[in-house]
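# Residue-level structural notes
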Amino acid sequence: MNDDAHRPIPRRWLAAHAAGQRGWLTLAALAGVSVGVATVAQMALLAWIVSRLIIDDAAPGELGGAFALLAGVLVLRALAQWGQEVAGQEASLRIRQRVRAELLDHLAALGPVRAGDRHSGGLANQLVEQVEALDGYFARFLPQLRLAVAVPLLILGVVLWLDWLAALFLLLAAPLIPLFMALVGMGAARLNSEQFAAVSRLSGHFLDRVRGIATLQLFHRTAEATAEVHRAADRYRQLSLRTLRVAFLSSAVLEFFASVAIAVVAIYVGFGLLGYIDYGPAGELTLFSGLLILLLAPEFFQPLRSLAQHYHDRAAALGAADAMLVLLAEPVRGATSRPLDSEKDLAVLKMATLSHPGRGRVVGPLSVSVQAGEVVAVIGPSGAGKSALLQLLAGFVTPDTGQRLVRPGLGIAWLDQRPLLIHGSLADNLRLAAPEASDSELCQALERARLGELLVALPEGLDTRLGEGGVGLSGGQAQRLALARVFLSRASLVLLDEPTASLDEDTEARVVESLRALAAEGRALVIATHHPALMAMAGRRLSLTAAGLPNDVEEGADA
Amino acid sequence: MPEPSLRSCLAPWLHLFARRRRRLVLGTLLLAITHASAVGLLALSGWFITASALTGLALAAGLAASLDVYVPGGGIRFFALSRTVSRYGERLYNHDTVLRFLADLRGRLFAVMTRLDERSLARQRASDWLNRLTADIDTLDSLFLRLLAPPLVALLTVLLVAALLAVWLPWLGIVVAAMLLFAWGWLTTGQAWLGMGASRRLVAHLQRLRGQLIEHLQGQAELEAYASQGWHRQRIEAQEARLQFDQRFLARLAGFGVALVNLTVGLAMLAALWLAALAWQQDAISGAVMVLMPLAVLACGEALALLPVAFTHLGATRGAAERLNALVRAGKTRGMAGSEPLPAGPLSLSLCNVSLSYPGALQPALHGIDLTLAPGRRLALIGASGAGKSSVAALIARRLPPSEGEIVLGGVPLAQIEERALRERLALLGQRVDLFQGSLAANLRLAAPQASETSLWQALAWVALDEWARQLPHGLETPVGEGGRALSGGQARRVALARLWLRDPGLVILDEPFAGLDVDTVTRLRPRLDAWLEGRSAIYLVHQLDGGDFDPPGVSHVAHLVQGKLTVCANRGHPSG
């Protein structure tokens, strides 16, 4: 697991996050210890009341104070129990928020290119499900881990004071505790890994069939597939029962211990009280001490049993942490640019190269300068590094060698084949580029991007919600929405990566028209494209070879 | 639409459980034995210690007293053992039951999903939706272990203990029953009611958060360019705050429930002790029984301990059931199959004024499509992505109902054709190729279950995959991996073509038949496809025809589809290529 020396150990990373919420976690543990103390007090009062009633023949009426006190202890115990839950949960909530922020910060620092290498669905899963998987560890397991030591020690102390021989029973069990902890741990780990593998295999099978339902329908094979799904689940049941038979043994052992402790103590105390045992402290047992020892015996094992219940939380958190650390270990972007002191140039690449892991160098070395207001077409066969060139210009990634120089305060706009549509209103989607823009500015931008007619067609105008549960936009409309954002922004350098690749001719023509309007506003456009119409727009062409090198001749558009 | 009640949400699933009634009863019984043993162990131990103390005192005072130590001693040992054994047995047995439900649930839902139409399926192919589906199934299959058995067993335990105590002191039994039943009632209804809204919302919150995060990641380039990452982060954080608000509320509520159980059990114990002490003072019961009573009540706590958390989150189960119910309803609405057979040989096709609208879309996906195809002809339907070609294919394959218009296949209105006949006579190769986990042979036999090994090899030879397959160490038995991942895109496409070859359709719809194949392969496959299509009708869905090698063979006429409308129809005198 620690093959990567730079990667922190998941346990340490979790501990560091726990340290950040030391206050709440300590409060949870303190509340838990208070529950333990209150339990001892409750049992002691119960035993004392019984002893006063039976041995001292006290009337119940005389013991009103003790009854009231016991009621008070019960209330305090309940409050402490609630406090433990609340404090543990608070720590967990805050830690999850912090972890999510840490991951998002890191992804932002990686930049769109390096972070974009990963499947966004998988990353989102990590940011949601995996972060949520930390809950049980911080909310329950960690506080319980401290209690599993403190509370049995407290109870052992009380029992030792009452009867050392009974304490010895518990103490003899004590060295066995780590042993059983290990057993439980192994059981849980085994349960987790084997079961997890089996579950994901089965889910994989199920999802595989669900994904292909259309094909099954077309071949009229749905009935057979349904029977097969059922069979697979049943096979999985038989397999996992084999695992469970062993895994449940460890918890059965704990259960056994708790039961046997009560039985052994009851019989020892009973025989002691009858005077059958004349060894050691047995002769000095009273109903009070005997009953109290009996009542405390199961409580001695209770924290351990709770810990065992939460053990899988630990495994889940460690698994999640391990995956997160892989992401966090990825080196972030260094400084992407240096200030450019030039009258006419907006951005300059000097002998820049870029390579992608597993693919080697994708572009460069090449030098490019973009001047204010010019239109540059980047052309070349697919795989020539046109996108990489734009990404370097945008500063989304640091060049491996060479430099990027930009005019200070340069505003950049970006547009690729998959424009971002956020879940929200049309206005939200536009304001993403200019949060301060007024409604009329938004309408103007839509107009310029040839989306004016869409705005008229929308039921609630700018407030119409887009995407899931709202209005769906076609690919061309989405592209023009992204263009409207460019119009809205004050960016003087606009980078476009195959902006018309997936559009039909009509829509393409409209987009080209809008791009002309953008250029007419005096913005510099750098367009990676195959389309003749776009190439024709350019004042200058930058041609790349299949190896990502600049073609010797920079062609003029009219050439 | 009024909210469906909790009972009507869960009813279909409870029905499914009811089929395994015997297992449920036995599992519940085992659980009850576990709790009863816990009560018996503690109560009998208390009784034994007190009786011993009293006897010991009497003996010390020189009185003649004796206590049978064997029966209670044996009882204590028995309970200690029965508690452990029944716990182990219960866990194993009940998990077996849960896993059986899992199989039932998956089977049933899969059967429902096989009846969904193209639109529902397209939505559900998203991995997000699939994850939620599995999570919902998991939520429901643990219904028995979380929400059915525990409250039942807790109720049984409470009633059993109260009845036991009532044998000695009826009043005491009633008081204890009243207090513990109050706790039981609060846990099963009060906690559920208070937590319902928040626990039902959790899945939606998580879903929304995931959606926003995907936006954030996929749109990172634009967000960074406009320096609006912080602005979008705030939106994400606002969503996270909504999630955490509900999570915090639920945790506090569940914690409250746990504390309340313990407090009520403690107070019930106290009441039992008080009443028992009064009775003992009046010599109505022995001292040992007096001690037994509060201890028996105390031991009830364990039976109630599982309820607070489970019922606080009842809304999550309800939400899962609602979503699955909606899926079942969607599966039921499809009733398009008729009973008419189809003629043999090439099939004719006509679409008359066919339109298709999706809910929420501004424009119809298809608008007034008129199209006829004579038997044996081959039509190329040309359009950009999103123009509606796949929708046309889905309509003809009866995987979507048209919003308007009529489709006639082989002279029979589409809706009246028998399902099996339609599937046998119509073949569709879509853009997506579905290969399944399993062997190459199994994937081919999907098209022809009875096909001999020889014909499978012939099919592979037809798509020029036989040499490749013969090199594989396991030949036809080679696993293709999940979704066919062990194969390249081109190989997967050829396997899909081979599947078509194993059938004898009268109309073949091919969506970019040569997509993802290299020139050499296409040059080999093209004449074979041409020959196989002889005597069948065909529709090709293509981006464009450029007269090159990748054009499908033998196009007899061409139609252009632009934004859901047919624009140009032209006959082609000569087959291209």
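Residues numbered from 1 in each chain as written. Chains lettered and ligands numbered in written order. Predicted model: local features only at pLDDT ≥ 70, side-chain atom pairs only at ≥ 80, totals over all residues. Heavy atoms only, no water.

## Quick look at the overall build of chain B
The secondary structure content of chain B amounts to 20 helices and 10 strands. The C-alpha atoms of chain B give 35 Å as radius of gyration, which overshoots the globular expectation for 577 residues (25 Å, by more than 25%). Structurally, chain B occupies a C-alpha span of about 125 × 55 × 50 Å along its principal axes. Put simply, chain B has 577 residues, and 57% of those count as buried. At a minimum sequence separation of 6, the contacts of chain B that also span at least 24 residues come to 79%. A total accessible area of about 23400 Å² is found for chain B, and carbon and sulfur atoms account for 60% of it. Where the 55 positive side-chain charges of chain B centre and where its 43 negative ones centre are 5 Å apart. (Helix = DSSP H or I, 4+ residues; strand = E, 2+ residues; numbered from the N terminus. Rg over C-alpha atoms; globule rule 2.2 N^0.38 Å. Buried < 20%, exposed > 50% of the residue type's maximum accessible area, 1.4 Å probe, protein only. Contact = heavy atoms within 4.5 Å. Areas by Shrake-Rupley, 256 points an atom, 1.4 Å probe, with all protein chains shown as cover. Lys, Arg positive; Asp, Glu negative; His and termini not counted. Charge placed at Lys NZ, Arg CZ, Asp CG, Glu CD.)

## Regarding helix α5 (residues 135-162) of chain A
For α5 of chain A, with 28 residues, the first-to-last C-alpha span of 40 Å sits near the 40 Å given by 1.5 Å per residue. At Phe141 of chain A, α5 of chain A shows its largest kink, close to 35 degrees, and the proline Pro143 of chain A lies no more than four residues downstream. (Expected span 1.5 Å × (residues − 1). Bend = angle between axes of the 7 residues up to and from the residue.)

## Points about the packing of helix α1 (residues 10-20) of chain A against helix α10 (residues 311-328) of chain A
Residue and element names in this part refer to chain A. For the pair α1 and α10, interaxial distance at closest approach is 9 Å and the crossing angle is 95 degrees. By the angle class used here, α1 and α10 are roughly perpendicular. Contact residues: α1 offers Pro10, Arg11, Trp13 and Leu14, while α10 offers Arg314, Ala317, Leu318, Ala321, Asp322, Met324, Leu325 and Leu328. Considering only residue class, the contact of α1 with α10 consists of nine nonpolar, no polar and three charged. (Axes fitted to C-alpha atoms, helices over the stretch in contact; angles between N-to-C directions. Parallel < 35°, antiparallel > 145°, perpendicular 65-115°, else oblique. Nonpolar A, V, L, I, M, F, W, Y, C, P; charged D, E, K, R; others polar.)

## Overview of the domain arrangement of chain B
On domain assignment, one finds that chain B holds domain 1 (6-333) and domain 2 (378-392 + 418-571). Centre-to-centre, using C-alpha coordinates, domain 1 of chain B lies 53 Å away from domain 2 of chain B. (Domains from an automatic or database assignment.)

## Details of the sheet that holds strand β1 (residues 349-356) of chain B
Residues and elements named next belong to chain B. Strand order in the open sheet made by the four strands is β2-β1-β4-β5, with antiparallel pairing throughout. Of all strands in the sheet, those with a lone pairing partner are β2 (366-373) and β5 (412-413), marking the two edges. When strand β4 (residues 404-409) meets β5, the two strands line up antiparallel, connected through two bridges. Looking across to β5, one finds that Leu409 is bridged to Val412. Running at roughly 120 degrees to β1, helix α14 (residues 389-396) makes contact with β1, β2 and β4 of the sheet. (Pairing = 2+ DSSP bridges.)

## Focus on the interface of chain A and chain B
The interface of chain A with chain B comprises 131 residues on the first partner and 126 residues on the second. Here chain A meets chain B over a buried area of about 11700 Å², counting both sides, of which 68% is carbon and sulfur. One can count 11 salt bridges joining chain A with chain B. One salt bridge in this structure joins Arg235 of chain B and Asp428 of chain A, with 3.6 Å as the shortest N-O distance. Run the count over chain A and chain B and you get 30 residue pairs in polar contact (both at pLDDT 80 or more). For the side of chain A that touches chain B, the leading source of residues is helix α8 (residues 222-274) of chain A, giving 30 residues. Partitioning the side of chain A that touches chain B into residue classes produces 77 nonpolar, 31 polar and 23 charged. (Buried area = accessible area lost by both parts, 1.4 Å probe. Salt bridge = Lys/Arg side-chain N within 4 Å of Asp/Glu carboxyl O. Polar contact = N/O pair within 3.5 Å; in protein donor to acceptor, adjacent residues only side chain to side chain.)

## Examining a nonpolar patch on the surface
Residue and element names in this part refer to chain A. On the surface, Leu160, Trp164, Leu168, Leu171, Leu172 and Tyr279 cluster together into a nonpolar patch covering about 630 Å² of accessible area. Per-element tally for the nonpolar patch: the top contributor is helix α6 (residues 164-211), with four residues. With respect to the element layout, Tyr279 can be found in the loop between α8 and α9 (287-309). Using a relative accessible area of 53% as the deciding quantity, one classes Tyr279 as exposed. (Patch = residues over 30% accessible without salt bridge, like charges linked within 9 Å, V, L, I, M, F, W, Y side chains within 5 Å.)

## Some remarks on the environment of Asp135 of chain A
All names here are of chain A. Inspection of the secondary structure puts Asp135 in helix α5. A residue is classified by how much of its surface remains accessible, and Asp135, at 16% relative accessible area, is buried. Between the alpha carbons of Asp135 and Ser92 there is a distance of 5.6 Å; along the sequence they are 43 residues apart. Apart from the residues within four sequence positions on either side, Asp135 is in contact with Gln89, Ser92, Arg96 and Arg140.

## Side note on the side chain of Arg503 of chain B
Examined against the element boundaries, Arg503 of chain B turns out to sit in the loop between α19 (489-501) and β7 (507-511). Buried and without a salt bridge, Arg503 of chain B has Glu424 of chain B as its closest oppositely charged side chain, separated by 5.6 Å. One polar contact links the side chain of Arg503 of chain B to the main-chain carbonyl oxygen of Arg423 of chain B, over a distance of 3.0 Å. Contact partners of Arg503 of chain B, with chain neighbours within four places excluded, come to Leu218 and Phe219 of chain A together with Arg423, Glu424, Ala447 and Trp532 of chain B.

## Some remarks on unusual backbone geometry
One non-glycine residue, Glu498 of chain A, lies in positive phi territory at about 45 degrees. Among the structural elements, Glu498 of chain A can be located in the loop between β9 (493-497) and α16 (505-520). Exposure remark for Glu498 of chain A: the relative accessible area of 15% places this residue in the buried category. Here Glu512 of chain B, not a glycine, exhibits a phi torsion of approximately 45 degrees, which is positive. Looking at the element boundaries, Glu512 of chain B is found in the loop between β7 and α20 (519-533). For Glu512 of chain B, a relative accessible area of 22% translates into the label partly exposed.

## A look at the packing of aromatic side chains
Inspection of the entire model under this criterion finds 16 aromatic pairs over all chains. Taken together, a centroid distance of 5.0 Å and an interplanar angle of 90 degrees make the contact between Phe67 of chain A and Trp274 of chain B edge-to-face. Of the two residues, Phe67 of chain A is situated in helix α3 (residues 64-116) and Trp274 of chain B in helix α9 (residues 229-281); the pairing between them involves two chains. When its relative accessible area of 31% is taken as the criterion, Trp274 of chain B is described as partly exposed. Arranged with centres 6.5 Å apart and planes meeting at 75 degrees, the rings of Phe101 of chain B and Phe144 of chain B form a pair that is edge-to-face. Taken together, the residues span a long stretch of sequence, with Phe101 of chain B in helix α3 (residues 70-113) and Phe144 of chain B in helix α6 (residues 143-168) at a distance of 43 residues. Among the aromatic residues, those joined into a ring-pair cluster are Tyr137, Phe138 and Phe141 of chain A. Positioned above the aromatic ring of Phe206 of chain A, the side-chain terminus of Arg106 of chain B is 4.8 Å from the ring centre. Just above the ring of Trp13 of chain B sits the side chain of Arg108 of chain B; from NZ or CZ to the centre is 5.3 Å. (Phe/Tyr/Trp six-rings, centres within 6.5 Å; stacked < 30°, edge-to-face > 60°. Lys NZ or Arg CZ within 6 Å of the ring centre and 35° of its normal.)

## Structural notes on the nonpolar core
Counting 115 residues, the largest nonpolar core has Leu180, Ile285, Met290, Met293 and Leu295 of chain B as the members making the most contacts within it. When neighbours within four sequence positions are excluded, Met290 of chain B is seen to be in contact with Leu53 and Ile54 of chain A together with Ala276, Ala277, Trp280 and Ile285 of chain B. Residues Leu207 and Phe219 of chain A together with Leu140 and Val508 of chain B belong to the second largest nonpolar core, which totals 82 residues. (Core = buried A, V, L, I, M, F, W, Y, C linked by side-chain atoms within 4.5 Å.)

## A short note on the environment of Ser37 of chain B
Residue and element names in this part refer to chain B. Among the structural elements, Ser37 can be located in helix α2 (residues 21-60). Distance in space between the C-alpha atoms of Ser37 and Ser86 is 8.8 Å, their sequence separation being 49 residues. The residues contacting Ser37, other than those within four sequence positions of it, are Phe79, Ser82 and Arg83. One polar contact links Ser37 to Ser82, side chain to side chain, over a distance of 2.8 Å.

## Some words on the side chain of Thr39 of chain A
Residue and element names in this part refer to chain A. Among the secondary structure elements, Thr39 is positioned in helix α2 (residues 22-54). Thr39 sits in the buried class, given a relative accessible area of 4%. Residues within four places of Thr39 in sequence aside, it is in contact with Arg77 and Glu299.

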